[in-house]
Amino acid sequence: MVARLVIAAPSSGAGKTTVATGLMAAFAGRGLAVSPHKVGPDYIDPGYHALATGRPGRNLDAYQCGTALVAPLFAHGARGCELAVVEGVMGLYDGAAGQGELASTAQVAKLLRAPVVLVVDASSQSRSVAALVHGFASWDPGVRIGGVILNKVATDRHETLLREALEESGVPVMGVLRRAADVATPSRHLGLVPVAERHTDAVDAVRAQAEQVRLGCDLDALLALARSAPPLTDTPWDPLTAARGGAPTEPAAGGERPVVAVAGGAAFTFSYAEHVELLRAAGARVAAFDPLRDERLPEGTRGLVIGGGFPEVYAPELSANEPLRRAVAALARSGAPVAAECAGLLYLAKSLDGKPMCGVLDAEARMTGRLTLGYREAVAVADSPLAAAGTRLRGHEFHRTVLEPGSGPVPAWGMVRPERRVEGFAQQGVHASYLHTHWAQRPDVATRFVAACAGVGVPGPRPGASAGPRRAGGTGVRDAGGAGVAGAAGA
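Description of the confidence of the model for the protein chain
On average, residues of the protein chain carry a pLDDT of 89, and 87% of them reach 70 or more. Between residues 457-491, whose pLDDT stays under 50, and residues either more than four places distant or in other chains, the model counts 109 contacts.

See below:
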């Protein structure tokens with residue numbers, strides 16, 4: 001059984017990431033194997049969690065993956081660990097807009113049968129903190145708030161007033177943290193700055209967070225609370241079993257596993273750990289490369305995956321790497337499978353903020369002041385190496401860029417919820433879109449992609465094909481609804 005805690009808050013900005021990351025690092029410093037998790041679609045916080053624990057940060061997204069997969073994915077990530085710390089998203093009870101508790105921290109806590117520790121920003125209150133905690137603790141009887149950590153406490157006198165008030169709430173205080181500048185993590189237009197962009201500073205920040213938590217929190221009481229969680233009976237998710245649930249994958253000619261190049265480095269930091277696991281389980285040899293530094297694609301590349309990140313921050317450097325841009329364009333022209341999300345979409349465009357990019361897509365990208373944010377439900381408009389026409393997926397968007405035009409002659413997706421529109425590009429072997437997706441919801445996506453890389457099956461037109469992929473009939477794009485937003489995410 002894995003001991004576990006969910007770190008939540010009444011609202012965003014209370015200090016969840018600082019406390020959760022500090023707890024992970026502090027417990028790891030005690031010699032415990034700690035499994036890090038994040039509720040929702042966010043890519044950046046898990047990078048700090050990984051730095052704190054030495055293990056991949058894992059997302060638990062009930063909207064994208066469905067409620068039935070939350071506990072299995074948790075159990076998969078927590079294999080071999082003694083303790084799991086789950087950082088929540090937004091406020092404890094905030095979820096997908098208009099859909100009740102779906103994708104909220106509270107829902108995930110109930111699915112994991114995990115006690116919750118509420119992080120409260122106490123900077124502007126004293127006795128009122130008791131009413132706040134009482135309200136959150138009594139709102140949903142299925143959510144067990146086992147303790148409170150008071151953050152941004154000003155003085156000893158302030159702490160005394162808060163503790164006295166909370167004695168009446170019945171929820172124990174398990175930590176008091178003072179204001180501290182050295183634990184802050186810098187932010188910019190899409191949230192925190194990723195670890196990969198500030199590794200040395202990030203190491204120092206995580207170390208400071210661990211020390212602050214060690215000095216200000218009762219780690220023994222928190223560990224005892226974590227160990228009070230009842231056993232989970234869910235079978236851990238397994239990428240090999242999941243991949244085998246899709247179409248059978250055969251090796252490429254000569255029995256070799258096809259090489260799938262996956263973009264990484266500071267410009268492309270947004271990826272779910274399960275994606276690489278599914279690609280490997282489906283038969284691929286995954287080779288990482290950094291578009292900021294590498295002038296060639298990995299040897300033998302048969303397919304390309306370019307996830308999210310911050311290409312707008314690195315547009316001059318990406319543009320200056322002309323040899324790699326030419327190599328990516330040549331691979332795409334050959335009809336090889338290419339899957340690109342958000343940052344990858346921008347990289348494949350003709351230009352980004354006036355800087356030449358790969359030129360695979362007949363579109364121009366630029367930064368704007370407008371934030372596009374929210375969960376989405378989408379249906380594949382056409383066959384591509386990533387998805388068959390009519391395939392439904394749930395994902396999210398989070399970006400401050402626009403692409404003109406926003407879709408090609410054959411779009412990648414028809415957005416079903418919360419609004420009807422088409423988006424992205426599906427041309428030859430390329431599937432490029434702003435939509436971020438978690439492949440655990442549809443492992444056949446990875447299986448199909450690797451099969452296309454191996455030259456097996458008919459996922460789309462092969463090299464030299466003159467027409468775009470066939471359009472789907474009756475894909476259901478007429479549907480409408482209100483999925484809405486459930487919190488911060490990558491871009």
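There's plenty left to go through after this.
Regarding the sheet that holds strand β7 (residues 173-178)
Spatially, β3-β2-β4-β1-β5-β6-β7 is the arrangement adopted by the 7 strands of the open sheet, whose pairing is parallel. The strands lining the two open edges of the sheet, one partner per strand, are β3 (58-60) and β7. On average, adjacent strands in this sheet sit at an angle of 25 degrees to one another, irrespective of strand direction. As paired strands, strand β2 (residues 34-39) and β3 are joined by 3 bridges and run parallel to one another. When the sheet's bridge partners are listed, Lys38 is paired in β3 with Asn59.

Some words on the sheet that holds strand β20 (residues 425-427)
The 6 strands are arranged β11-β10-β12-β13-β21-β20 in an open sheet whose pairing can be described as mixed. On the outer flanks of this sheet lie β11 (285-289) and β20, each paired with one strand and no other. Taken pair by pair, the neighbouring strands of this sheet meet at an average axis angle of 15 degrees, ignoring direction. Both strand β10 (residues 259-263) and β11 contribute to a ladder of 5 bridges, which runs parallel. Along β11, the bridge assignment pairs Val262 with Ala288.

Thoughts on the environment of Asp61
Here Asp61 lies in the loop between β3 and α3 (62-65). Through-space distance from the C-alpha of Asp61 to that of Ala103 is 6.2 Å; in sequence the pair is 42 residues apart. If we skip the residues at most four places from it in the chain, Asp61 touches Gly40, Pro41, Gly66 and Tyr375. Reaching out from Asp61, the side chain makes a polar contact with the side chain of Tyr375 at a distance of 2.9 Å.

Considerations on the nonpolar core
Counting 73 residues, the largest nonpolar core has Leu92, Leu112, Leu150 and Leu279 as the members making the most contacts within it. The residues contacting Leu279, other than those within four sequence positions of it, are Val260, Val262, Ala284, Val286, Val305, Trp439, Ala446, Phe449 and Val450. Ile306, Leu318, Ala340 and Leu348 belong to the second-largest nonpolar core, a separate cluster that totals 39 residues.

Things to note about helix α6 (residues 128-139)
Its 12 residues give α6 an end-to-end C-alpha distance of 17 Å, which sits within 8% of 16 Å, the value for a rise of 1.5 Å per residue. Val129, Ala130, Val133 and Phe136 are the residues of α6 that are buried. Along the long axis of α6, the arc covered by the buried residues comes to 135 degrees, so they all point the same way. Among the exposed residues of α6, those pointing more than 90 degrees away from its buried face are Ala131 and Trp139.

Section: the side chain of His438
Mapped onto the elements, His438 comes out in the loop between β22 (436-437) and α15 (444-453). Here His438 is in contact with Asn59, Gln64, Cys65, Tyr272, Glu274 and His275, once residues within four sequence places are set aside.

Reading the values: rules and limits
Residues numbered from 1 in each chain as written. Predicted model: local features only at pLDDT ≥ 70, side-chain atom pairs only at ≥ 80, totals over all residues. Heavy atoms only, no water. pLDDT = per-residue confidence, 0-100. Contact = heavy atoms within 4.5 Å. Pairing = 2+ DSSP bridges. Helix = DSSP H or I, 4+ residues; strand = E, 2+ residues; numbered from the N terminus. Axes fitted to C-alpha atoms, helices over the stretch in contact; angles between N-to-C directions. Polar contact = N/O pair within 3.5 Å; in protein donor to acceptor, adjacent residues only side chain to side chain. Core = buried A, V, L, I, M, F, W, Y, C linked by side-chain atoms within 4.5 Å. Buried < 20%, exposed > 50% of the residue type's maximum accessible area, 1.4 Å probe, protein only. Expected span 1.5 Å × (residues − 1). Arc of directions from axis to C-beta.

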